[in-house]
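Each chain, written out:
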Amino acid sequence: MTELLKVENLKKHFPLQKGFLDNLFAKEKRVVRAVDGVSFSIQKGETLGLVGESGCGKTTTGRLILRLLEPTSGKVVYGGKSIFSYSKEEMRRLREKMQVIFQDPFASLSPRMTIGEAIGHPLKIHGLAHGKDAEQKVMDIMEKVGLEPASFLYHKYPHQVSGGQRQRVVIARALVTNPEFVVADEPIAMADVSVRSMILELLIRLKEEFDLTYLFITHDLATSKYICDRVAIMYLGKIVEMGPLKEVFSKPVHPYTSTLLAAVPVPDPKFRRTHPIPKGEIPSAINPPSGCRFHPRCHLASPECSREEPPLREVGKNHWVACNLR
Ligand SMILES: Nc1ncnc2c1ncn2[C@@H]1O[C@H](COP(=O)(O)OP(=O)(O)OP(=O)(O)O)[C@@H](O)[C@H]1O
Ligand SMILES: [Mg+2]
């Protein structure tokens, strides 16, 4: 397998907006440690799931990989070079190859553009097709994502179609430039339960058809099971466990992963949970706990866990875990 993308010790600290006096007297600049030293690679053709509770830094990681944000430090290597040192022209070409599907199709579509115009917009920006040729390309992709009849829906506005259709529009727009890598940020979270599995199946089919590589972001471990080859579990800006999907699901090593798995509903009335759901609230990314960030919520934590920050260690083939106790 060939490596498509590599993330090296990526960090994004957002400065906290505070009053003038606070800033004047503060001993050090306060920041939100949204992403705090994340490393992983993605092989061509695979789907890596980035999974974790709300606010753990999944979207920020995705936005950094697409260079929609500049990092505090670290690298995203694509084509042998960090994208943060790409020139404007290199970035323009890269944007054709790297696309994104956002969570909220309503927010990511202009109400003033018809569906056909919205899907064709990237072709215009990248100068890939014009006029009738562009229109044909849009119709083709609309049919591939199940927006039919394409000639009818082409002229509709986002508010005139269903939620499931809007999500298909966002997917079509991401694929119209024929990308090789797609960040799908909670692509089914806003969709009605009845259309979720259809959208997931569509993403899986399109991956084969277009030879795609996905970074699939979700807060729901159960969803990752249907689409991911590997998963990376994130907690407060860090990856705590990463490995092949089957291995992480059958032999989770980090206590956080075990508790996330235990929260996945099981259709069996006799089923008893063996691990408690993570206790307490997620601590703040402004002032993360010392040592292992998960220790205040961990049912196995020992005094050592609040002192030493565990590094990611390989515990099995391609299976990495950051825990002092394992
Ligand atoms: N532009 C910003 N300025 C300041 N803080 C930010 C900004 N964007 C994100 N954050 C903070 O960074 C942290 C991580 O946010 P992020 O959106 O990456 O999380 P997430 O895992 O995608 O969460 P969710 O599941 O809710 O989408 C949060 O504490 C968030 O409040
Ligand atoms: Mg998010």
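Quick caveat: nothing in here was measured; it's all calculated off a predicted structure.

Okay, the site of ligand 1 next. Neighbouring ligand 1 are 13 residues; F14, A34, S54, T59 and T60 lie closest to it. At the level of elements, β2 (31-43) and α2 (58-65) are the ones that each hand at least two residues to the shell around ligand 1. The leading source of residues in the shell around ligand 1 is α2, at three residues. When the residues that make up the shell around ligand 1 are grouped by side-chain class, the tally is five nonpolar, seven polar and one charged.

A few words on the domain arrangement of the chain. Note on interface size: it is often stated as the accessible area lost on association of the parts. Assigned domains within the chain: domain 1 (3-228) and domain 2 (235-326). Taking only C-alpha atoms into account, the centre of domain 1 sits 27 Å from that of domain 2. Those elements that place two or more of their residues in the side of domain 1 that touches domain 2 are β2 and α10 (221-227). It is β2 that contributes the most residues to the side of domain 1 that touches domain 2, eight residues altogether.

Counting buried residues in α2 gives seven out of eight residues, a clear majority hidden from the surface. Directly beyond the C-terminal end of α2, a positive phi value near 55° is found at R67.

With that out of the way, let us pick up the nonpolar core. In terms of nonpolar packing, the biggest core is built from 77 residues, with I119, M142, A172, V182, L215 and I233 touching the most fellow members. With six residues, helix α8 (residues 163-175) is the single largest residue contributor to this core. Shared between two domains, this core takes at least three residues from each, and those domains are domain 1 (3-228) and domain 2 (235-326). Contacts of V182, omitting those with residues within four sequence positions, involve Q99, V100, I101, A174, L212 and Y214.

Moving on to the sheet that holds strand β8 (residues 213-218). Strand order in the open sheet formed by eight strands is β6-β7-β8-β3-β9-β10-β12-β11, with mixed pairing between adjacent strands. One side of each edge strand has no neighbouring strand; the edge strands of this open sheet are β6 (98-101) and β11 (313-316). Along the sheet, successive strands turn relative to each other by an average axial angle of 20°, direction set aside. Across five bridges, the pairing between strand β7 (residues 181-185) and β8 is parallel. Note on β8: the bridge partner recorded for V182 is Y214. Contacts from α2 reach β3 (47-51), β7, β8 and β9 (230-235), with the element oriented near 155° to β8.

To continue, consider the packing of α8 against helix α9 (residues 193-210). α9 packs onto α8 with a crossing angle of 15° between their chain directions and a minimal axis gap of 11 Å. Relative to α9, α8 is oriented roughly parallel. Crossing geometry of α8 relative to α9 is assigned as right-handed. Where α8 abuts α9, its residues G164, Q167, I171 and L175 lie against V195, M198, I199, L202, L206 and F210. A breakdown of the residues in the contact of α8 with α9 according to their chemical character gives eight nonpolar, two polar and no charged.

Before going further, it helps to examine helix α5 (residues 115-125). Think of an α-helix as turning once every 3.6 residues; residues three or four places apart then point the same way. Turning to α5, its buried residues are I115, G116, A118, I119, G120 and L123. Contacts from the buried residues of α5 go to α6 (131-144), α7 (150-153) and α8. One or two residues past the end of α5 sits G127, with phi positive at roughly 60°.

Thresholds, definitions, all that
Residues numbered from 1 in each chain as written. Chains lettered and ligands numbered in written order. Predicted model: local features only at pLDDT ≥ 70, side-chain atom pairs only at ≥ 80, totals over all residues. Near = placed C-beta within 6 Å. Helix = DSSP H or I, 4+ residues; strand = E, 2+ residues; numbered from the N terminus. Nonpolar A, V, L, I, M, F, W, Y, C, P; charged D, E, K, R; others polar. Domains from an automatic or database assignment. Buried ≥ 20, exposed ≤ 12 C-beta atoms within 10 Å, placed from the backbone. Core = buried A, V, L, I, M, F, W, Y, C linked by C-beta atoms within 7 Å. Contact = placed C-beta atoms within 7 Å. Pairing = 2+ DSSP bridges. Axes fitted to C-alpha atoms, helices over the stretch in contact; angles between N-to-C directions. Parallel < 35°, antiparallel > 145°, perpendicular 65-115°, else oblique. Left-handed = near helix turned anticlockwise from the far one by under 90°.

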